[in-house]
Every structure is written in C-alpha cells, then in structure tokens.
Amino acid sequence: MCGIFGYTGKRNSVETVLKGLKKLEYRGYDSAGIAGLHTGEIVSCKEVGKIAALEKLVHEEKIELDLAIAQTRWATHGKPSVVNAHPHLDQGRTLALVHNGIIENHDSLRISLEKQGIHFVSETDTEVIAQLLGVMYQGDFLATLREAIPLLKGAFALAIIHKDYPGQIFAIAHESPLVIGIGHGEAFVSSDSNAFAAHTREVVFLANSEIAVIKSDSLQIFDLMGEIDKETHQLTEEIQEISKGDYEHYTLKEIFEQPRVIRQALLSRFLEEYGTATFEELNLDVNSLLSVQRILILACGTSLHSGLIGASLLEDQARILTYTDISSEFRYKNPIVPPDTLVIAISQSGETADTIAAVKEVKAKGAKVLAICNVYGSTLTREADSTLYLRAGPEIGVCSTKAYTSQVIVLALFSLMMARMRHMNKYEGQEFLNALKALPDVVQAVLDKAPEIEKIAKKYAHYENFFFIGRRYMYPSSLEGALKLKEISYINANGYAAGEMKHGPIALINADCPTVALGANSDTLDKLESNLREVAARDGKIIAIIKESDRGLEKIANDVITIPDTIDELATVPVTVVTQLLAYYIAIERGADIDQPRNLAKSVTVE
Ligand code: G6P
C-alpha cells in the first residue's frame, strides 16, 4: 500500500508535501519520511508512527528542501522502523526514492548487489531499487531508469530525486497507481489525485512502465522506447472539504452520514412511473444487458460482502445466475468466463490491487466489466467498460461503513433495472422502489438508537470472542458485522451462516462467547430461532437484531435491538448500521484507534 507524494515549485516544498502526505495517510500509517535536495545534497528525515510524528521531527530539525518527495508506509518487507521507512537512498547518497508496491525479485537482486559490494541498511524490498539504480547510473539517469524497469518484477510506483538533476522528480508507475498534477509553475506527483486536487485539476495518469520527468514548468513522459505524447485529464468531481465536523472520529461521522448517502445514491436513478432504475453513467447498451446470462461479482473485504448481497438480489429479482468471488483467489484460477457473462467489480477505492488484477484477467477472457466504485478517475474506473459511482463522498475512516451502504443501494438499483428488463412487473418494481426510498428514514431511526446500542456495547466490550450469525440476506451481513468488530476493536469475531453453526463452530460456544444474531430476514426467522436455541442451551449470550414487528427471538436473547420494518432484501442496510455502531462503541470502550486501526490500510495496492 503506502502513499507517495512529491512536489516541485514555488511553494514551501516541505509544508506542501507534508500536507499532501496527510491526505494519503489512509493508505498506511506506521512510519513516514521525506527527502529532497538542499544546497546540492540529499537531505532526508524519517520517523516511526503517524505523519504528525514526522511533521514534528521535520520542524524540530528545521528541514528545508528545494523540492521534496515523501511517503507514508504500510509495512510489507521489514517492520515499521526509522531504518525501514522511506525514502531510501543508494550507498553513494546520489539519489533517494519512495515506493508503493512490492518488488517480488528483491532477494535475487539484493544478493547480486551485495556481491558487487553494496551494503544494505534496511530490510526492505525498496532499498534494492535505490541501490540498483545507484550501481547502474553512468551519467544519464533516464537511460538508467529505462534499463532498470525490466529488471524489477512486481508492482512499483516510484518518485525519485537525483543529485545530478536538481529541480526534477522522476516518477515511474508499474501495476501501482501514480498521478501527476500540473499546476502553474509547479507540479505534484501522488498515489491519489485527491492529495493535490485543491491546487490543480489538470492531471496525467501514468500507465505501466511509463517514466515521467517532472519539473516545475514542464512534464515529459517516456516509455521504454522513447518520449511519448500523453493525454491530460481534468478532475471533474467536486473537491469535498474533509473534516470530522462535530464528531469525535471520521468513522462515527461516516456512520451518521448514511441516510444522506442513501439519498445521494438514489438521486435521479429511478423512474417511479415505470418502477425501474436508470443510470446516466451506464454506457452498456440495452442489447448487451439483455443478453447477459450470468453475472460474476469480484471484490475484497467489505465490498465482497455487499457483492454477496448483490448476488442474492440479482438471482432473486432478475433471475440471473450470479456468483461472487474473492478477487485475490479468482486471479490465479484460470477461470471459466462463458460468453454473455457480465463482470461487476466492486471497490470503494478503485485501487485494490487484487480486484484490478482480477478485472484484467476477465477482460483478457473477453468479458465486459461494470465497476461499482466511489473514487472518480481511480484505476478500476479506467479499466472498466462502465462505472456506476457510489456518490458516498470521501470515506476517511479505514473501516468501510458508508461505502457498504452505497454499494448495496447501487446494486439494488441495478438489480431492479435488470429484473424489470426481464420478469419483474411494474407494480413489483414500484414496491421495491418504495422500500428503497424509505431506507434513509429507517437508517435514521437506527442512528437515533445510538445511546441504547452504546449501552449494550459497553456491556459486551470485555468479551474476546464473538459470533455473528444470520440466514439469507443476513448471512453477508453477519460477515460484515464480524469484520467490522475485528477491524476496529481487535476482537476475534466470526461471521457464519446460522445453519452452519451446528457443523463445527458451535463447539466454541460457552458463556464467554456471545453471539450477535442478525434476525432481520423474516422469511428464515423460525430457522434462526432454532439455531439460537442451540446457542442458548450451551450458555451462549445472545444479542438479537430484529425487525420491530417480528417476534420470537426476544424470548431467548439477552439483549434485543430492533430496526424499523423493511423488506428482507434491504434489511442488511439498517442491520449493518447497528453492527457498525456496536463495533464502534465496543472499540471506544477498549480504547482502540478508531479511524486508523493497527495493521490496516484503506487502500490495499499490494497483493
Ligand atoms: C481494505 C480496507 C477494507 C476494504 C478492502 C477493499 O482491506 O481496509 O475496508 O473493504 O480493502 O477495498 P475496496 O477499496 O476495494 O473496496
């Protein structure tokens, strides 16, 4: 993962780069560093911890730089430490570089460089690139880069400075995103355009093996053959002011934003009169949509869970055979992708390496790809044939909350549209739309119960193991509920299909392992009740989440949280808001770092 940022221009380079880096902190936050040229020498400063720690050190040491590159790290090779933090320099201190990605052949390169007398100081794969470039350099750095790229296996986005090239930043992208911002008399390079969007809207996205030579007043792009002409793009989406407002954490703010996020996701995307949905940005023609015989959904993490909900909706409503696969598994499968398969790739960030690789695999097999994504201009949206945007606004908390809700809404609308093109009649479509339109109020009613949920959370915060179980639409919700608790509070939580409990997991149930029963699938409530009786019989505590008018579970549950009535197909939205709040308040009680949980990163750009 990691975020990289560089700047050359008339502003204070150190401050500009630190500010940009903070906007990339979601990509990793275990250590950070900055380097640049000052009076002809490379100066660097690195610190363990968040960017604020680096900022403090930079100010204490009164670091001044003419131009600067910086990185916020999510450790892959070598633990978080000052030595392993980027930037990395070559032995002769002629160059410094920051890296996002993984060099897979770092071991063999390291051995061969050591044989040439290079002494490594860090455990990282990245230092191998710095040392390699240092050894290969013979006076023409661009030529060195072009010769070095084919020697590196893996993923790398790099920003590099060299002593012999003052005023220039060299940038390379390969299977890792990198975007250049062109300003007036200044230029930026970043893993994500949002980090400089307040300064310039004119951007160039680097493609694989392209090298950018960035100066404050010019930009040249080269591929391995020579200089190339490269299109510039304008960032079109609004710059959204990112602040916590009155909330203590971004995560809590984002949980509370969900009624608005649902309205936003629905806005002008349905036709009441025809009981169907419509997407302005969908550029797959009606005939290709009508010919779809099966749908494959690819995603990771929270997006995978919304994908499971989407798959059930598409099968239930549109009667299209739909299956969901984990991107990281799918990419190595040599998968069968029959003709007339539509692939839906879901990703909040649009930068998840596994999902992008899986998309490339299905494209190579001839399938059409529809992305569902939150970030405009992200790599996934550029790979896909068409994109439906989440319109959730920037999600800063590392744990995905509002993006899940938007994903479910967009999938529900898409499923409605596909169903109406096939079997569903207008009245059924209108009924489903009514349920969708009611969701913001349903979610608001859940949010109004935050104090009640907080009380329950406090009661259970000391347990070290939890189960989340549910049936049908509550099964993916269980996976998501358990994931949220794991991520944010570091409690061991497992999501299960309730019927599977008896096939093994029930062995773990005792008075010390509570079960969160997601009971808002009315159709299967009786069956869930039987599973819960088995839990209660083994002294397991039960927290049940049910619809207001459903009865049964209150007899066996130790605590009950109700949600307003909604249809089973959409109940995951309010139920997930309950589990988000439970996870949030439990994590608060345990003193965890809410917005930036340990070991995680928001955008996972490595395998
Ligand atoms: C990371 C994040 C998760 C997210 C997953 C997929 O692991 O921490 O919250 O669900 O990546 O991310 P995507 O951007 O593809 O939805």
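1. A word on the overall build of the protein chain
Okay, step 1: Helix and strand counts for the protein chain stand at 18 helices and 27 strands.
Okay, step 2: On C-alpha atoms alone, the protein chain measures out to a radius of gyration of 25 Å, which is about the 25 Å that the 2.2 N^0.38 rule sets for 607 residues.
Okay, step 3: Across its three principal axes, the protein chain shows a C-alpha extent of roughly 75 × 55 × 45 Å.
Okay, step 4: Counting all 607 residues of the protein chain, 61% fall into the buried class.
Okay, step 5: Within the protein chain, counting contacts between residues at least 6 apart in sequence, those at least 24 apart form 72% of the total.
Okay, step 6: Summed over its atoms, the accessible surface of the protein chain is roughly 23,300 Å², and 49% of this surface lies on carbon and sulfur atoms.
Okay, step 7: One finds the centroid of the 60 positive side-chain charges in the protein chain at a distance of 3 Å from the centroid of its 80 negative side-chain charges.

2. Points about unusual backbone geometry
Okay, step 1: Cis geometry is found at the peptide bond from His 86 to Pro 87, where omega equals 0°.
Okay, step 2: Positioned with a positive phi, Thr 39 is a non-glycine residue whose angle comes to about 45°.
Okay, step 3: Thr 39 gets classed as exposed once you look at its relative accessible area, which sits at 67%.
Okay, step 4: Despite not being glycine, Arg 93 has its phi angle at roughly 55°, a positive value.

3. Remarks on the environment of Val 261
Okay, step 1: On the secondary structure map, Val 261 appears in helix H7 (residues 258-266).
Okay, step 2: For the pair formed by Val 261 and Asp 526, sequence separation is 265 residues and the distance between their alpha carbons is 33 Å.
Okay, step 3: Once residues lying within four places of it in the same chain are set aside, the contact partners of Val 261 are Ala 392, Lys 402 and Ser 406.

4. Here's the deal with the packing of aromatic side chains
Okay, step 1: Under the counting rule described, the total for this entry stands at 13 aromatic pairs.
Okay, step 2: Ring geometry for Phe 5 and Phe 188: centres 6.3 Å apart, planes at 65°, overall edge-to-face. A residue pair is termed long-range when its members are at least 10 positions apart, and Phe 5 in strand E1 (residues 3-9) and Phe 188 in strand E10 (residues 186-190) qualify at 183 residues.
Okay, step 3: A relative accessible area of 1% means that Phe 188 is categorised as buried.
Okay, step 4: Aromatic side chains Tyr 137 and Phe 141 sit 5.8 Å apart centroid to centroid with 75° between the ring planes, which places their arrangement in the edge-to-face category.
Okay, step 5: On the basis of relative accessibility, which here comes to 0%, the residue Phe 141 falls in the buried class.
Okay, step 6: Every member of this aromatic cluster is reached through a ring pair, and the members are Phe 5, Tyr 7, Phe 188 and Phe 196.
Okay, step 7: Lying across the ring of Tyr 29, Lys 50 places its NZ or CZ 5.7 Å from the centre.
Okay, step 8: In this arrangement the basic side chain of Arg 110 is found over the ring face of Phe 120, its NZ or CZ atom lying 4.3 Å from the centre.

5. Thoughts on the packing of helix H13 (residues 402-421) against helix H18 (residues 572-589)
Helix-helix packing is characterised by the crossing angle of the two axes and by the distance between the axes.
Okay, step 1: Close contact between H13 and H18 brings their axes to 10 Å; oriented N to C, the two are set at 175°. Between H13 and H18, the interaxial angle falls into the category roughly antiparallel. Counted together, Tyr 404, Thr 405, Val 408 and Ile 409 of H13 and Thr 572, Val 573 and Thr 576 of H18 form the full contact between these two elements.

6. Some words on the site of the ligand
Okay, step 1: In the vicinity of the ligand there are 14 residues, among which Ser 303, Ser 347, Gln 348, Ser 349 and Thr 352 approach most closely.
Okay, step 2: At 2.5 Å, a side-chain N or O of Ser 303 approaches an oxygen atom of the ligand.
Okay, step 3: Between an oxygen atom of the ligand and a side-chain N or O atom of Thr 352, the distance comes to 2.4 Å.
Okay, step 4: No other element matches helix H9 (residues 301-318), which puts 3 residues into the shell around the ligand.
Okay, step 5: Residues of the shell around the ligand, tallied by class, amount to 4 nonpolar, 8 polar and 2 charged.

7. Re the sheet that holds strand E25 (residues 515-518)
Okay, step 1: Within the open sheet, the 5 strands sit side by side as E24-E23-E25-E26-E27. Their pairing is parallel. Since the sheet does not close on itself, it has two edges, and those belong to strand E24 (492-497) and strand E27 (559-563), each with one partner. Across the sheet, the axes of successive neighbouring strands diverge by a mean angle of 15°, strand direction being ignored.
Okay, step 2: The sheet contact formed by E25 and strand E26 (residues 542-547) spans 4 bridges and is parallel. Residue pairing across strands places Val 516 opposite Ile 543, the latter belonging to E26.

8. Quick notes on the pattern of salt bridges
Okay, step 1: Under the defined criterion, the tally for this structure stands at 26 salt bridges.
Okay, step 2: A salt bridge links Lys 437 to Glu 272; its shortest N-O distance comes to 2.5 Å. One end of the pair, Lys 437, is in helix H14 (residues 426-447); the other, Glu 272, is in the loop between strand E16 (270-271) and strand E17 (276-277), and 165 residues separate them in sequence.
Okay, step 3: Taking relative accessible area as the criterion, Glu 272 reaches 38% and is therefore assigned partly exposed.

9. Focus on helix H11 (residues 353-364)
Okay, step 1: Taking 1.5 Å of rise per residue, 12 residues should cover 16 Å, and H11 covers 17 Å from first to last C-alpha, within 8% of that figure.
Okay, step 2: At its buried positions, H11 is contacted by strand E18 (294-299), helix H10 (327-330), strand E20 (341-347), strand E21 (368-373) and helix H12 (379-383).

10. Quick look at the nonpolar core
Okay, step 1: Ile 344, Phe 414, Leu 436 and Phe 466 are the most contacted members of the largest nonpolar core, which has 92 residues in total.
Okay, step 2: Looking at this core element by element, the count peaks at 13 residues for H13.
Okay, step 3: Each of domain 2 (244-443) and domain 3 (449-593) contributes no fewer than three residues to this core.
Okay, step 4: Ignoring anything within four residues of it in the chain, the contact list for Ile 344 reads Ile 295, Leu 296, Ile 297, Leu 298, Leu 314, Leu 370, Ile 372 and Phe 414.

11. Points about the domain arrangement of the protein chain
Okay, step 1: In terms of domains, the protein chain is made up of domain 1 (3-234), domain 2 (244-443) and domain 3 (449-593).
Okay, step 2: Each of domain 2 and domain 3 has a C-alpha centre, and the two are 25 Å apart.
Okay, step 3: Of the residues lining the interface, 30 residues belong to domain 2; the matching set on domain 3 comes to 27 residues.
Okay, step 4: Between the two partners, domain 2 and domain 3, sit 1 salt bridge.
Okay, step 5: Here Arg 472 makes a salt bridge to Asp 316, at a shortest N to O gap of 2.7 Å.
Okay, step 6: Our count for the domain 2 to domain 3 interface comes out at 11 residue pairs in polar contact (both at pLDDT 80 or more).
Okay, step 7: Listing elements by their share of the side of domain 2 that touches domain 3, those giving two or more residues are helix H6 (250-256), H7, H9, H13 and H14.
Okay, step 8: Per element, the largest residue contribution to the side of domain 2 that touches domain 3 is 8 residues, and it comes from H9.

Reading guide: rules and limits
- Residues numbered from 1 in each chain as written.
- Predicted model: local features only at pLDDT ≥ 70, side-chain atom pairs only at ≥ 80, totals over all residues.
- Heavy atoms only, no water.
- Helix = DSSP H or I, 4+ residues; strand = E, 2+ residues; numbered from the N terminus.
- Rg over C-alpha atoms; globule rule 2.2 N^0.38 Å.
- Buried < 20%, exposed > 50% of the residue type's maximum accessible area, 1.4 Å probe, protein only.
- Contact = heavy atoms within 4.5 Å.
- Areas by Shrake-Rupley, 256 points an atom, 1.4 Å probe, with all protein chains shown as cover.
- Lys, Arg positive; Asp, Glu negative; His and termini not counted.
- Charge placed at Lys NZ, Arg CZ, Asp CG, Glu CD.
- Phe/Tyr/Trp six-rings, centres within 6.5 Å; stacked < 30°, edge-to-face > 60°.
- Lys NZ or Arg CZ within 6 Å of the ring centre and 35° of its normal.
- Axes fitted to C-alpha atoms, helices over the stretch in contact; angles between N-to-C directions.
- Parallel < 35°, antiparallel > 145°, perpendicular 65-115°, else oblique.
- Near = heavy atom within 4 Å.
- Polar contact = N/O pair within 3.5 Å; in protein donor to acceptor, adjacent residues only side chain to side chain.
- Nonpolar A, V, L, I, M, F, W, Y, C, P; charged D, E, K, R; others polar.
- Pairing = 2+ DSSP bridges.
- Salt bridge = Lys/Arg side-chain N within 4 Å of Asp/Glu carboxyl O.
- Expected span 1.5 Å × (residues − 1).
- Core = buried A, V, L, I, M, F, W, Y, C linked by side-chain atoms within 4.5 Å.
- Domains from an automatic or database assignment.

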